[in-house]
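Residue-level structural notes
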Amino acid sequence: MLSLESIQGPADLRALSPEQAGLLAPRIRQLLVDTVTRTGGHLGPNLGVVELSIALHRVFESPRDRILWDTGHQAYVHKILTGRAGALATLRQAGGLSGYPSRKESEHDVIENSHASTVLSWADGLARAQGIQGVVDRAVVAVIGDGALTGGMAWEALNNIGAAADRPVIIVLNDNTRSYAPTIGAFADHLALLRGPGAPKALFESLGLAYLGPVDGHDITSLEAALRRAAGLGRPVLVHCVTEKGRGHTPAEQDEMDRCHAVRGRSTGKASGDGSRSWTSVFGGELAELGASRPDIVAITAAMLAPTGLGEFARRYPDRTIDVGIAEQHAVTAAAGLALGGMHPVVALYATFLNRAFDQLLLDTALHRAPVTFVLDRAGVTGDDGASHNGMWDMSLLQLVPGLRLAAPRDAATLRRALREAVAVHDGPTAVRFPKGSTGGDIPAVGTIAGIDVLRRGGGEDVLIVSLGAMAGTCLEVADRLTRHGFGVTVVDPRWVKPVAPALVELGLNHRLVATVEDNGRAGGAGSAIAQALSDAGAATPVRTFGIPQHFLEHGTRADLLAGAGLSAQHLARALAEILFGREIEELEHQPLVAVEQHSG
Ligand SMILES: Cc1ncc(C[n+]2csc(CCOP(=O)(O)OP(=O)(O)O)c2C)c(N)n1
Ligand SMILES: CC(=O)[C@@H](O)[C@H](O)COP(=O)(O)O
Ligand SMILES: [Mg+2]
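Residues numbered from 1 in each chain as written. Chains lettered and ligands numbered in written order. Predicted model: local features only at pLDDT ≥ 70, side-chain atom pairs only at ≥ 80, totals over all residues. Heavy atoms only, no water.

**Considering the UniProt feature "binding site: Mg(2+)" (unreviewed entry) in the protein**
The condition is simple: UniProt positions are given in the numbering used here, feature names are shortened, and annotations may be inferred rather than shown by experiment. Relative accessible area decides the class of each residue, using a 1.4 Å probe on protein chains only: under 20% of the type maximum gives buried, over 50% gives exposed, and in between gives partly exposed. Residue contacts are defined here by distance: any two heavy atoms, one from each residue, within 4.5 Å place the two residues in contact. The term polar contact refers here to a pair of N or O atoms within 3.5 Å; inside protein, the definition further demands a hydrogen-donor-capable atom paired with an acceptor-capable atom, and it admits residues adjacent in sequence only when both atoms are side-chain atoms. Secondary structure elements are taken from DSSP: a helix is a run of H or I of four residues or more, a strand is a run of E of two residues or more, and numbering for both begins at the N terminus.
Within this structure's numbering, the places UniProt gives as "binding site: Mg(2+)" (unreviewed entry) are Asp 146 and Asn 176. Spatial clustering of the annotated residues is evident: they stretch over 31 residues in sequence, but the largest pairwise C-alpha distance comes to 6.8 Å. The buried category is assigned to Asp 146, whose relative accessible area is 2%. Not counting the four nearest positions on each side in its chain, Asp 146 is found in contact with Leu 173, Asn 174, Asp 175, Asn 176, Thr 177, Arg 178, Thr 183, Phe 187 and Leu 191. A distance of 3.5 Å separates a polar atom in the side chain of Asp 146 from the backbone nitrogen of Thr 177. Mapped onto the elements, Asn 176 comes out in the loop between strand S3 (170–175) and helix H8 (186–195). Every residue in contact with Asn 176, bar those within four places of it in the chain, is listed here: Asp 146, Thr 243, Glu 244 and Lys 245.

**Brief notes about the packing of aromatic side chains**
Each aromatic ring pair is characterised by the separation of its centres together with the angle its planes make. The condition is simple: Side-chain rings of Phe, Tyr and Trp (the six-membered ring for Trp) are treated as a pair once their centres are within 6.5 Å; stacked means planes under 30 degrees apart, edge-to-face means over 60, and tilted covers the remaining angles.
Under the defined criterion, the tally for this structure stands at eight aromatic pairs. With 6.3 Å between their ring centres and 40 degrees between their planes, Phe 283 and Phe 434 make a pair best called tilted. On the criterion of sequence distance, the pair formed by Phe 283 in helix H12 (residues 279–293) and Phe 434 in the loop between strand S11 (430–433) and strand S12 (447–449) is long-range, its members being 151 residues apart. Phe 434 matches Phe 283 in its accessibility class, with the two residues each being buried.

**Let's talk about helix H14 (residues 328–340)**
Where we set the bar: An expected span of 1.5 Å times one less than the residue number is assigned to each helix. By construction, the arc corresponds to the directions joining the helix axis to the C-beta atoms.
Taking 1.5 Å per residue as the helical rise, H14 with its 13 residues ought to reach 18 Å, and the 18 Å between its terminal C-alpha atoms agrees with that figure. Within H14, burial applies to Glu 328, Ala 331, Val 332, Ala 335, Ala 336 and Ala 339. Down the axis of H14, the buried set is contained in an arc of 135 degrees. They therefore lie on one face. On its buried side, H14 packs onto strand S6 (297–301), strand S8 (344–350), helix H15 (351–354), helix H16 (358–366) and strand S9 (373–377). Trailing H14 by a residue or two, Gly 342 shows a phi angle of about 95 degrees, which is positive.

**Digging into the site of ligand 1**
Inclusion rule: Nearness here has a simple test: a residue counts as near a molecule or strand if at least one of its heavy atoms is within 4 Å of that partner. Gly is put with the polar residues, along with every residue not named as nonpolar or charged; the nonpolar set is Ala, Val, Leu, Ile, Met, Phe, Trp, Tyr, Cys and Pro, and the charged set is Asp, Glu, Lys and Arg. Note: domain ranges come from an automatic or database domain assignment.
The immediate surroundings of ligand 1 are formed by 22 residues, with His 73, Gly 147, Asn 176, Lys 245 and Glu 328 found nearest. In the model, an oxygen atom of ligand 1 is placed 2.7 Å from a nitrogen or oxygen of the Gly 147 main chain. Taking Arg 178, its main chain carries an N or O atom lying 2.9 Å from an oxygen atom of ligand 1. Taken together, the residues that form the shell around ligand 1 break down as seven nonpolar, 10 polar and five charged. Residue assignment places the shell around ligand 1 across two domains, with domain 1 (4–253) and domain 2 (279–433) each supplying three or more.

Have a look at this one:
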């Protein structure tokens, strides 16, 4: 009996008889359950693609044939079958396996972006390149979920793929009827028809694709037969595989919310332990309260109702809760349409997913001064979900949007306040952004200056630290360290980071150094805007902006990644001391470098 750890690559799989290959499935499932419940990760999606992954790697010869995964969260089985079973226990941990395909891990991993609905475009491009180069012996296979197929980009690709009968792309639709929740929309309804007997196959065939299916996505023999037939057609083809998300693990099969789409790990996903509520739940509770007094508020999600905290609002106001599928671009412009119709939409997204709807935000929402509120969860460093899941670009992107007001709350109290202030704005878009995890204890202001919260009065004018968003705890720790060495440090939090408050400029003019600290990319972030405002005011005060350096972060814990980005209290205090007095401070040098994390993920 072949051990999973001894599978070095797909060739070992192809050497097995169909019966032997089938015997791997339960063992793979057990390994997934044992491992992912400990490490955390996408348990349900991977339990649903065990047989499909086995069949794919028995029919196609990766890496010669390219197998591309949409989103990539369902590629753990692919990793097991390509020689990484023994490393699965390191999943999503620093230095360990990524939770998504990773080119540096394996030649079998082709694309790494974990944003949904991109795989068909990748496949179209790759197939075009092979066509131009006359390559005819390398299959291009794109695996896409029913949820990802609700993303507009997928249909842009289908429009191209179906138009070229001589350019074979093999699309494997992993239809488990769900994203997190059941997949919504007319397309999902059509798939339900196709899963039934005798349904018309017209949709895909009218788009130039051969349609094979529905195929039992848990029957390796049927899957292999369909995939081999698809490979022999020599034209674009869609193989419709019907699978069950969470299959083989009762808790997942019975999980009506999301079939254990993304589970916390026993050993890595512990809650912060400080007993505070999550940012997500504080937002969700406040929005549900607002819904009572504001009948114009509607909540919009892009297939992530529960993860973005809209559950309570949806329970109370189902008629004012909209799930558009994994369709952020549509969500944003539909929100502008709702605003045009007199509503006040609240679009709840993970910060990183707003990236793809920037044009809709800029020219449909902001240009039309539409009163839409964007609530961006998982802003800043998220950590274990890897490079494309960090919300580290929003405060830079949103700086570019004329008329948009941006809030970065520091704790639960300021989040509630920011949300109420945001939905009270009627002449343009607003955004409120916060990180993953627990809010930590509230950090009260010791005073205010023209709307800016003073978190600590410095007793001197050496340094003005402008704390942005959830970095307040770290900034206060920095002030403590510097004060112990005789520096006068004032810490303020503007709460609304865009536009830059005039009082912030005034304060900056009266200090020897201004430091801004944000859990966002440093390039073009909120700190840059503050520096620009001081410069425009003719201030000679030097400004040092601290943020995430401009590179993609490896997966790891939020605290470690923040420290690695120089955003721990020790790093910041040392950097400021050097700037102020050009000298190292012995004590600061020798203290252990641990991230001071007010809000742990
Ligand atoms: C652009 C974008 N929006 C949202 C997400 C969050 N997300 C990750 S997986 C997922 C559901 C994907 O559903 P499906 O494609 O059917 O795959 P399944 O999990 O069912 O295998 C979502 C919404 C994402 N990765 N990318
Ligand atoms: C793959 C994807 O985009 C989501 O499932 C994400 O991994 C979930 O992240 P959280 O665990 O932060 O909700
Ligand atoms: Mg699905």
